[in-house]
There are 2 protein chains.
Amino acid sequence: MTADVPDSHPRAASLRTRDRLVEGLENGLTSRTGLIAHGRGEAFDYLLGERTIPSADRAARAAAAHLLAADHPVISVNGNVAALAPERVVDLADATDAAIEVNLFHRSAERIEAIADHLRAHGATDVHGLAGDGRIPGLDHDRGICDADGIERADVVVVPLEDGDRAAALAELGKSEIVIDLNPLSRSAQVADVPIVDNVVRALPTMAAHARELSEAGADLDGVIAEFDADAALADAERTIREGSLAD
Amino acid sequence: MTADVPDSHPRAASLRTRDRLVEGLENGLTSRTGLIAHGRGEAFDYLLGERTIPSADRAARAAAAHLLAADHPVISVNGNVAALAPERVVDLADATDAAIEVNLFHRSAERIEAIADHLRAHGATDVHGLAGDGRIPGLDHDRGICDADGIERADVVVVPLEDGDRAAALAELGKSEIVIDLNPLSRSAQVADVPIVDNVVRALPTMAAHARELSEAGADLDGVIAEFDADAALADAERTIREGSLAD
């Protein structure tokens, strides 16, 4: 539809991202309500200036440290994430030795398969989510399904664009939770150990770059984790959004 | 999908509105990018408190006066507006003796027909937009098409949820332009004679109620029009949004 967005267009990146999502609907990856959710994110991203603010970069670094220090790190992927950034999910999993698990708000075996196939086409070798033999307590039946050897046993979970109920239930389980969400006051961001207020398309490669840098430097991961202040990061993001440009 | 949203749900109105739009996609009224645009609007509506703020109510009153004082008022309708509020468009047209014209960002005879049928099913008797024998100068070919006896000859046009280029081109033509847009700093809102920063679902009935009240009272329409201050209304809406709640 807009494959021909010129590079000079002031909102070229945002328009191309949108194209990927619309294509994802055609391919059975994303849902219609997923498109609306993306639009809400776009509004917050405008206000952020469509850039990774310094506090989000610090959050991405802390998130990378959590993943590297984990025994069983898992990246949870829904339809929007798979449509928007499949190669970036795979690259982050590669940089941090994390597993990938498909988890959907409206679970359907057909959509899980389509998303798993899409991730494999972008290099994923091992995609969880189809077994559905694990449970997240505190959620109604369908929403609580996960894989026993994926999210159920994970000690660190990345949940980009996750809904509030699910994020809260995962936090209750005592897992370290990394949330990527453009609204700093969403429940998902509020319950996260590491909230990254950034577009998922930017946050994933930022995390991967930090992970490789921390690994190569043999960094003190516990130190990086300890020095991150989630409340300060959320407050900074909220301030940036409230002062942000509303012009289109 | 969520026909069963309970009244007690804090966001029941917003969720039902969303359902109408998703249904509109199924029925060929709305487009996929229309769903994303709706999501952006939702974010701004959260920040507004999902209510008609007093400055938006004053704008709706001024808009009603413009429509009543016009020789050829026209309400422009796109896919999202038709899906969200067909009966409210028809009621506003009825209250102000305005014509209805279907105008789409991505023009297709099939979608115009589907939208016109949908409006007729909700009581519209005369729907323009299919002739396409008029032109709005300053826009590339498809975007500039309108009806000669509709928007082309109109002196007052209501454009809910209009894109910036089109809104600017209509303003250039010297027509009085009433824009309904949840972002006070969008180009559409900025070029409007009367910007109504409100959800279209609330703004249309508010305008219709004001029109009936002004008519019955035999009000001084020029006075109502003259006392409205667009810049003050936009500044008030922006202030409200910046101070608004971000919690979900």
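Not measured: the values here are computed from a predicted model.

A. Just the relation of the copies chain A and chain B, in detail. Aligned on chain B, chain A shows an RMSD of 0.0 Å; the corresponding rotation is 179 degrees and the shift along the axis is 0.0 Å. Interpreted geometrically, this transformation is the action of a two-fold axis. A shared binding surface is used by both copies, with 94% of the interface residues of chain A retained as interface residues in chain B.

B. Representation of the packing of helix α2 (residues 32–48) of chain A against helix α2 (residues 32–48) of chain B. Contact geometry for α2 of chain A and α2 of chain B: axes closest at 6 Å, N-to-C directions at 50 degrees. Between α2 of chain A and α2 of chain B, the angle is such that the two are oblique. You can see that α2 of chain A and α2 of chain B cross each other, and the crossing is right-handed. Of the residues in α2 of chain B, those in contact with Arg 32, Leu 35, Ile 36, His 38, Gly 39, Arg 40, Glu 42, Ala 43, Phe 44 and Tyr 46 of chain A of α2 of chain A are Arg 32, Leu 35, Ile 36, His 38, Gly 39, Arg 40, Glu 42, Ala 43, Phe 44 and Tyr 46 of chain B. Here the residues of the contact of α2 of chain A with α2 of chain B are counted per class, giving 10 nonpolar, four polar and six charged.

C. Quick look at the sheet that holds strand β3 (residues 127–128) of chain B. Residue and element names in this part refer to chain B. On the basis of which strands lie adjacent, the open sheet formed by six strands has the order β3-β2-β1-β6-β7-β8 and parallel pairing. Of all strands in the sheet, those bounded by a partner on one side alone are β3 and β8 (194–196). Examined bridge by bridge, strand β1 (residues 73–77) and strand β6 (residues 156–160) share three bridges and lie parallel to one another. Across the sheet, the residue bridging to Ile 75 is Val 158, located in β6.

D. Seen up close, the packing of α2 of chain A against helix α1 (residues 12–26) of chain B. The geometry of α2 of chain A relative to α1 of chain B is characterised by a closest axis approach of 10 Å and an angle of 125 degrees between their N-to-C directions. Our classification of the angle between α2 of chain A and α1 of chain B gives oblique. When the axes of α2 of chain A and α1 of chain B are compared, the crossing they make is right-handed. Listed contacts from α1 of chain B to Arg 32, Thr 33, Ile 36 and Arg 40 of chain A of α2 of chain A are Arg 18, Val 22, Leu 25 and Glu 26 of chain B. Looking at the contact of α2 of chain A with α1 of chain B, its residues break down into three nonpolar, one polar and four charged.

E. Local environment of the interface of chain A and chain B. With 31 residues of chain A at the interface, the matching set in chain B holds 30 residues. In this assembly, chain A packs against chain B so that about 2,800 Å² is buried in total across both faces, 65% of it on carbon and sulfur atoms. There are four salt bridges connecting chain A and chain B. With a shortest N-O distance of 2.3 Å, Glu 26 of chain A and Arg 32 of chain B are connected by a salt bridge. Elements represented by at least two residues in the side of chain A that touches chain B include exactly α1 (12–26), α2 and α12 (230–242) of chain A.

F. Highlighting the UniProt feature "binding site: ATP" (unreviewed entry) in chain A. According to UniProt, the feature "binding site: ATP" (unreviewed entry) maps to Arg 18, Arg 40, Asp 181, Leu 182, Asn 183, Arg 187, Ser 188, Asn 199 and Val 200 of chain A in the numbering used here. Sequence-wise these annotated residues cover 183 residues; spatially they are dispersed, their C-alpha atoms as much as 24.5 Å apart. Within the secondary structure layout, Arg 40 of chain A lies in helix α2. Overall, Arg 40 of chain A belongs to the buried group, its relative accessible area being 18%. Beyond its immediate chain neighbours, meaning those up to four positions away, Arg 40 of chain A contacts Arg 18, Gly 39, Arg 40, Glu 42, Ala 43 and Tyr 46 of chain B. Locating Asn 199 of chain A in the fold gives a position in the loop between β8 (194–196) and α10 (200–217). Contacts of Asn 199 of chain A, omitting those with residues within four sequence positions, involve Asp 45, Ile 180 and Leu 182 of chain A.

G. Geometry of the environment of Thr 52 of chain B. All names here are of chain B. Summarising the element assignment, Thr 52 is placed in the loop between α2 and α3 (54–69). Along the chain, Thr 52 and Ala 98 lie 46 residues apart, while their C-alpha atoms are 23 Å from each other. Beyond its immediate chain neighbours, meaning those up to four positions away, Thr 52 contacts Asp 57, Asp 198, Arg 202 and Thr 206. Among the polar contacts made by the side chain of Thr 52, one reaches the side chain of Asp 198 at a distance of 2.7 Å.

H. Spatial organisation of the environment of Ile 178 of chain B. Residue and element names in this part refer to chain B. Tracing the backbone through its elements, the reader meets Ile 178 in strand β7 (residues 176–180). Note on Ile 178: relative accessible area 0%, which makes it buried. Counting along the chain gives 18 residues from Ile 178 to Ile 196, while the straight-line C-alpha distance between them is 7.4 Å. Beyond its immediate chain neighbours, meaning those up to four positions away, Ile 178 contacts Ala 63, His 66, Leu 67, Val 156, Val 157, Val 158, Val 159, Val 194, Ile 196 and Met 207.

I. Geometry of α10 of chain A. All names here are of chain A. In this model, α10 (18 residues) spans 25 Å end to end at C-alpha, consistent with the 26 Å of a helix rising 1.5 Å per residue. Inspection of α10 places Val 200, Val 201, Arg 202, Ala 203, Leu 204, Thr 206, Met 207, Ala 208, His 210, Ala 211 and Leu 214 among the buried residues, and these make up the whole buried set. Measuring from the side-chain oxygen of the N-cap residue of α10 to the backbone nitrogen of Val 201 gives 3.0 Å; that N-cap residue is Asn 199. In the segment just after α10, Gly 218 is the residue with positive phi, at about 55 degrees.

Reading the values: rules and limits
- Residues numbered from 1 in each chain as written.
- Chains lettered and ligands numbered in written order.
- Predicted model: local features only at pLDDT ≥ 70, side-chain atom pairs only at ≥ 80, totals over all residues.
- Heavy atoms only, no water.
- Least-squares fit on C-alpha atoms with pLDDT ≥ 70 in both.
- Contact = heavy atoms within 4.5 Å.
- Axes fitted to C-alpha atoms, helices over the stretch in contact; angles between N-to-C directions.
- Helix = DSSP H or I, 4+ residues; strand = E, 2+ residues; numbered from the N terminus.
- Parallel < 35°, antiparallel > 145°, perpendicular 65-115°, else oblique.
- Left-handed = near helix turned anticlockwise from the far one by under 90°.
- Nonpolar A, V, L, I, M, F, W, Y, C, P; charged D, E, K, R; others polar.
- Pairing = 2+ DSSP bridges.
- Buried area = accessible area lost by both parts, 1.4 Å probe.
- Salt bridge = Lys/Arg side-chain N within 4 Å of Asp/Glu carboxyl O.
- UniProt positions renumbered as here; feature names shortened; annotations may be inferred.
- Buried < 20%, exposed > 50% of the residue type's maximum accessible area, 1.4 Å probe, protein only.
- Polar contact = N/O pair within 3.5 Å; in protein donor to acceptor, adjacent residues only side chain to side chain.
- Expected span 1.5 Å × (residues − 1).

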